[in-house]
Amino acid sequence: MTPPHRVPRGSNVLSLMLHPKRFLRSLQLRGSPSYLTGTGVYLAIPGEQIRGFFRNSYDLVPAPSLFTALTTFFGLRHEDFKVFEHGHISRFERQVGFRKDFAVYLRGDNLKLVMKRFLVNFTREILLDDGIVSREWAYIPDLYKFITTRIFRAEVEALYGERVFAVCPSFCEDFWAFYDAFPTCNENFDWDDKDLYNVKYEPVWGTQYIRKMVKRHEDLGFSDAGIASAMLGYLFVTTANTIPAALWMILYILYDEALTSRVRSEISTILTPTFHVDVTKLAAAPLLNSIYRETLRLRVASPVGRISSNPEFCLPGGWKVDPGVPIISTNWLGGLDDSFWNTGNVLLNGQPEHPVDMFWPERFLEYPGDSMSGPIRKPEWAGPATEAGSAPKTADDDRQARLVTAGLQGHWFPFGGGASRCPGEALAKQTILTSVVLVLACLEIELVDPVEAMKTGSRHRTLPFGSHSFNRVVPIRVRKR
Ligand code: HEM
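Please read all numbers here as calculations on a predicted model, not as lab measurements.

Draft legend 1. Up close: empty space enclosed by the protein. All chains considered together, the criterion is met by two cavities of 30 Å³ or more. Empty space within the largest cavity amounts to approximately 80 Å³. Forming the walls of the largest cavity are Tyr105, Asn110, Leu113, Val114, Arg117, Lys200, Thr207, Gln208 and Tyr209. Secondary-structure elements contributing two or more residues to the lining of the largest cavity are helix H7 (108-127) and helix H12 (208-220). At four residues, H7 tops the list of elements feeding residues into the lining of the largest cavity.

Draft legend 2. Focus on the site of the ligand. In the neighbourhood of the ligand, 25 residues make up the surrounding shell, with Arg99, Arg306, Gly417, Ser420 and Cys422 lying closest. Arg306 places a side-chain nitrogen or oxygen 2.7 Å from an oxygen atom of the ligand. One of the backbone nitrogen or oxygen atoms of Gly417 is found 3.0 Å away from an oxygen atom of the ligand. At the level of elements, helix H6 (98-105), helix H13 (224-239), strand E8 (303-308) and helix H20 (425-442) are the ones that each hand at least two residues to the shell around the ligand. Among the residues making up the shell around the ligand, the classes are represented as 14 nonpolar, eight polar and three charged. There are two domains that each give the shell around the ligand at least three residues, and those are domain 1 (5-62 + 303-335) and domain 2 (78-296 + 422-480).

Draft legend 3. Structural view of the environment of Ala428. Within the secondary structure, Ala428 sits in helix H20. Along the primary structure Ala428 and Ala245 are separated by 183 residues, whereas in three dimensions their C-alpha atoms are 9.3 Å apart.

Draft legend 4. Seen up close, the packing of H12 against H13. Axis separation between H12 and H13 bottoms out at 10 Å; the angle between their running directions is 145 degrees. Handedness of the crossing formed by H12 with H13: right-handed. When H12 is examined against H13, the residues Tyr209, Met213, Val214, His217 and Glu218 are found in contact with a partner set consisting of Ile227, Ala230, Met231, Tyr234 and Thr238.

Draft legend 5. Molecular detail of the confidence of the model for the protein chain. For the protein chain, per-residue confidence averages 82 on the pLDDT scale, and residues scoring 70 or more make up 82% of the total. For the stretch residues 176-183, pLDDT sits under 50, and the model shows 25 contacts to residues farther than four places along the chain or on other chains.

Draft legend 6. Structural view of the UniProt feature "binding site: heme" (unreviewed entry) in the protein chain. When the UniProt feature table is mapped to this numbering, "binding site: heme" (unreviewed entry) covers Cys422. You can see Cys422 is positioned in the loop between strand E13 (402-403) and H20. What makes Cys422 partly exposed here is its relative accessible area of 32%.

Draft legend 7. Structural view of the packing of aromatic side chains. The full count for this structure, using the stated rule, is 13 aromatic pairs. Judged by centre distance (5.6 Å) and plane angle (70 degrees), the ring pair of Phe54 and Phe413 falls under edge-to-face. Of the two residues, Phe54 is situated in helix H3 (residues 48-55) and Phe413 in the loop between E13 and H20; the sequence distance between them amounts to 359 residues. Relative accessible area serves as the criterion here: at 4%, Phe54 is assigned to the buried category. Through successive ring pairs, a cluster of aromatic residues spans Tyr144, Trp248, Tyr252, Tyr255, Phe359 and Phe470. Taking the ring centre of Phe165 as reference, the NZ or CZ of Arg153 above it sits at 4.1 Å. If you follow Lys393 out to its NZ or CZ, it ends over the ring of Tyr367, 4.7 Å from the centre.

Draft legend 8. Layout of the layout of surface pockets. Within this model, the second largest pocket holds a volume of roughly 730 Å³. If you go around the second largest pocket, you meet 29 residues; those closest to its centre are Asp256, His354, Phe359, Trp360 and Pro361. Among the secondary structure elements, those contributing two or more residues to the lining of the second largest pocket are helix H14 (242-255) and helix H15 (257-267). Class assignment for the residues of the lining of the second largest pocket results in 17 nonpolar, four polar and eight charged. Two domains each provide a minimum of three residues to the lining of the second largest pocket, namely domain 2 (78-296 + 422-480) and domain 3 (340-404).

Draft legend 9. Molecular detail of unusual backbone geometry. In the Ramachandran plot, Phe275 falls in the positive-phi region, its phi being about 60 degrees despite a non-glycine side chain. Here Phe275 is to be found in the loop between H15 and helix H16 (279-284). A positive phi angle, near 40 degrees, is found at Ser302, a position not held by glycine. Along the chain, the position of Ser302 falls in the loop between helix H17 (286-299) and E8.

Draft legend 10. Just H12, in detail. For H12, which comprises 13 residues, the first-to-last C-alpha distance of 18 Å matches the rise-based estimate of 18 Å (1.5 Å per residue) to within 8%. One or two positions beyond H12, positive phi appears at Gly221, with a value near 105 degrees.

Draft legend 11. Quick peek at the pattern of salt bridges. Under the criterion given, the structure shown has 21 salt bridges. Its salt-bridge partner being Asp398, residue Arg262 comes within 2.8 Å of it at the nearest N-O pair. Here Arg262 is found in helix H15, whereas its partner Asp398 is found in helix H19 (residues 395-400), with 136 residues between them in sequence. For the residue pair Arg262 and Asp398, the accessibility class agrees, reading buried in each case. The partner of Arg297 in a salt bridge is Glu294, and the shortest N-O contact between them spans 2.8 Å. Highlighted residues: Arg297 and Glu294, both in helix H17, separated by three residues, approximately one helical turn. Taken as a pair, Arg297 and Glu294 share a single burial class, namely buried. One salt-bridge network, in which partners are shared between bridges, spans Arg124, Glu125, Arg153 and Glu157.

Rules and cut-offs
- Residues numbered from 1 in each chain as written.
- Predicted model: local features only at pLDDT ≥ 70, side-chain atom pairs only at ≥ 80, totals over all residues.
- Heavy atoms only, no water.
- 1 Å grid on protein atoms, 1.4 Å probe; cavity = no way out; pocket = protein on both sides within 12 Å on 5 of 7 lines; lining within 4 Å.
- Points joined across faces, edges and corners; volume = space filled by probe spheres on them.
- Helix = DSSP H or I, 4+ residues; strand = E, 2+ residues; numbered from the N terminus.
- Near = heavy atom within 4 Å.
- Polar contact = N/O pair within 3.5 Å; in protein donor to acceptor, adjacent residues only side chain to side chain.
- Nonpolar A, V, L, I, M, F, W, Y, C, P; charged D, E, K, R; others polar.
- Domains from an automatic or database assignment.
- Axes fitted to C-alpha atoms, helices over the stretch in contact; angles between N-to-C directions.
- Left-handed = near helix turned anticlockwise from the far one by under 90°.
- Contact = heavy atoms within 4.5 Å.
- pLDDT = per-residue confidence, 0-100.
- UniProt positions renumbered as here; feature names shortened; annotations may be inferred.
- Buried < 20%, exposed > 50% of the residue type's maximum accessible area, 1.4 Å probe, protein only.
- Phe/Tyr/Trp six-rings, centres within 6.5 Å; stacked < 30°, edge-to-face > 60°.
- Lys NZ or Arg CZ within 6 Å of the ring centre and 35° of its normal.
- Expected span 1.5 Å × (residues − 1).
- Salt bridge = Lys/Arg side-chain N within 4 Å of Asp/Glu carboxyl O.

Quick look at the structure:
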């Protein structure tokens, strides 16, 4: 059993803070896991180790734990710690059963209802906006803020109910105010009214999913402030990655007029004239789904962490890790592995046509007759050197394309994996895709300065959460279509 490569304390804490991408990539290229001395974590490398990491759900528990996340990030108070004390941890997990909540309320018909409300809300947000009164162009100084606030409001209303905006009108701009405002919602709801409790949606607590989650936390003995902390934590995970990812997807599409037109062509088969999204067609739309996956490959940090309790535990490849020391990795590290991903033709200057750090809308698609297409690098693909690269694809080509999802798990894991895999994936995916469809179907958007807009990067990628909001404002002109 080989011990992981030890990175000395002096060189890693600062490098991790200042240049996380460069630093972690350099460790990944060593091909072995690393132990970061100063920060006290192992870094697992994408590929076989990540697949093993997700498979080993019995030996490994998630890190940070729910308790750590609630106390460190969402202000859980001392009076609520008792819920997590010895014996309560398993009780908490058994009774709160939040994975079951997700499986019941955020899948199938229940998810359809949530998305139906989201669609109505979001359409209202973008079509009845006072700032865009006609088909005249309006100047909007900040694309990111313009769309994120609207998706946020539409999604929070669809899931949590519209009352929260009456309680706290500035919630959209500053959803941290939620922490103080949330307990007052409680006073407006009759918990003894069984019909009200079981209804699919009502304005005070929104969906059954939220109502039952609140009730179970109450039954466990959480205080009002403790429930607010937990609800804030859930709201954070629901919106924090989903909404910025939708914005990146919109920006990538807007960069390229030909791509915008191909996406609109695909959307015309998904959206009815009455703004109904056909969810089955949306799930099967090759180009939109490839762009969605490519956006998550590049722009979602998605750190995953586990702690082993087994002193004999080894990462695949025979790398021994000590119990109790966190093992981490991140999705974007897997996304930047050019020994794995297809990067298209080799150009005459020797460079790949579609390097891993660049957006390639078709990366996840296989086109009939195009042996260079598909996400995974094939050994025989040295590829013919060309000057201009491959011929651009058309909307007709897209209709024939096949989305490839198999064989990617060790390198594309924006939602983690194994027993702790993100339970909100279905909601996230539908929210992102539906938002993009509606924005492009309802609005004509021009980037005021496309060259500057193309320089947009992720604001920062710090661990453990990672943020992928824009690092600059992107002015746009917008009008109704
Ligand atoms: C693009 C959007 C999203 C991304 C990239 C994302 C990513 C992740 C990742 C990487 C994990 C850790 C998984 C692991 O350790 O294997 C996670 C966990 C979790 N996510 Fe998400 N998520 C997203 C959206 C959502 C949504 C919409 C919800 C709620 C509806 C949600 C709720 C959760 C919860 C509750 C956990 C903890 C699961 C557990 O510990 O068992 N996430 N998410």
